[in-house]
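# Commentary on secondary and tertiary structure
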Amino acid sequence: MARILVAESDRAIREFIAGILAEVGHDVQTCGNGIEASVWLASSAIDVLVTDMVLQGTQGLLLSQHCADLGFRRSR
């Protein structure tokens, strides 16, 4: 299965999404903001990033730019 990073500031939503993904066998990591996600992405390989693009302040935009710099492709 896939290694998935869930970046979501709302803890209940983050845990809900992570729980569903883990139940079907994915290796799921979570973080609560864009800064944590950027740090995580710099040190670990993932297959999928699930995030809310409207993270606190400008963190969603910064995370999006960081992902683009790393060569991630965006999908909806």
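Our structure's up above, just so we're on the same page.
Now for a quick tour of the structure.

Thresholds applied
Residues numbered from 1 in each chain as written. Predicted model: local features only at pLDDT ≥ 70, side-chain atom pairs only at ≥ 80, totals over all residues. Heavy atoms only, no water. Helix = DSSP H or I, 4+ residues; strand = E, 2+ residues; numbered from the N terminus. Rg over C-alpha atoms; globule rule 2.2 N^0.38 Å. Buried < 20%, exposed > 50% of the residue type's maximum accessible area, 1.4 Å probe, protein only. Contact = heavy atoms within 4.5 Å. Lys, Arg positive; Asp, Glu negative; His and termini not counted. Charge placed at Lys NZ, Arg CZ, Asp CG, Glu CD. Salt bridge = Lys/Arg side-chain N within 4 Å of Asp/Glu carboxyl O. Pairing = 2+ DSSP bridges. Axes fitted to C-alpha atoms, helices over the stretch in contact; angles between N-to-C directions. Expected span 1.5 Å × (residues − 1). Arc of directions from axis to C-beta. Polar contact = N/O pair within 3.5 Å; in protein donor to acceptor, adjacent residues only side chain to side chain.

## With respect to the overall build of the chain
A count of helical and extended segments in the chain gives 3 helices and 3 strands. Taken from the N to the C terminus, the helices and strands of the chain come in the order β-α-β-α-β-α. Taking 11 Å as the expected radius of gyration for a compact globule of 76 residues, we find that the chain reaches 12 Å, a close match to that expectation. Taking the principal axes of its C-alpha atoms as reference, the chain extends roughly 30 × 25 × 25 Å. Among the 76 residues that make up the chain, the fraction classed as buried is 32%. Pairs at least 24 residues apart make up 62% of the contacts formed inside the chain by residues separated by at least 6 positions. A distance of 6 Å separates the average location of the 6 positive side-chain charges in the chain from that of its 9 negative side-chain charges.

## Details of the pattern of salt bridges
Think of it this way: side chains of opposite charge can pair up when their charged atoms draw near. Overall, the coordinates contain 2 salt bridges when judged by the stated rule. Note that R3 is salt-bridged to D27, the shortest N-O span being 3.2 Å. Within this pair, whereas R3 is found in strand β1 (residues 3-7), its partner D27 is found in strand β2 (residues 27-31), the two being separated by 24 residues in sequence. Residue D27 is classed as partly exposed on the basis of its relative accessible area of 36%. Residue R11 is joined to E15 by a salt bridge in which the shortest nitrogen-to-oxygen separation is 3.4 Å.

## Thoughts on the sheet that holds β2
Pairing in this open sheet of 3 strands is parallel, and the strands run β2-β1-β3 from one edge to the other. Edge positions in the open sheet fall to β2 and β3 (48-51), since each of these has one partner strand only. The sheet shows a mean angle of 20 degrees between the axes of neighbouring strands, direction not considered. The pairing of β1 with β2 spans 5 bridges and is parallel.

## So, helix α1 (residues 11-23)
An α-helix turns once per 3.6 residues; consequently, residues spaced three or four apart project the same way. Relative to the 18 Å expected for 13 residues at 1.5 Å per residue, α1 spans 18 Å between its end C-alpha atoms, a close match to the ideal helical length. Within α1, the full set of buried residues consists of R14, A18 and L21. Down the axis of α1, the buried side of the element spans an arc of 65 degrees, and every buried residue falls inside it. Facing away from the buried surface of α1 by more than 90 degrees, the exposed residues are A12, F16 and E23. Where α1 is buried, its residues meet β1 and β2. The backbone nitrogen of A12 has a side-chain oxygen 3.0 Å away, supplied by the residue at the start of α1, namely D10. Where α1 ends, the next residue or the one after it, G25, has phi of about 105 degrees, a positive value.

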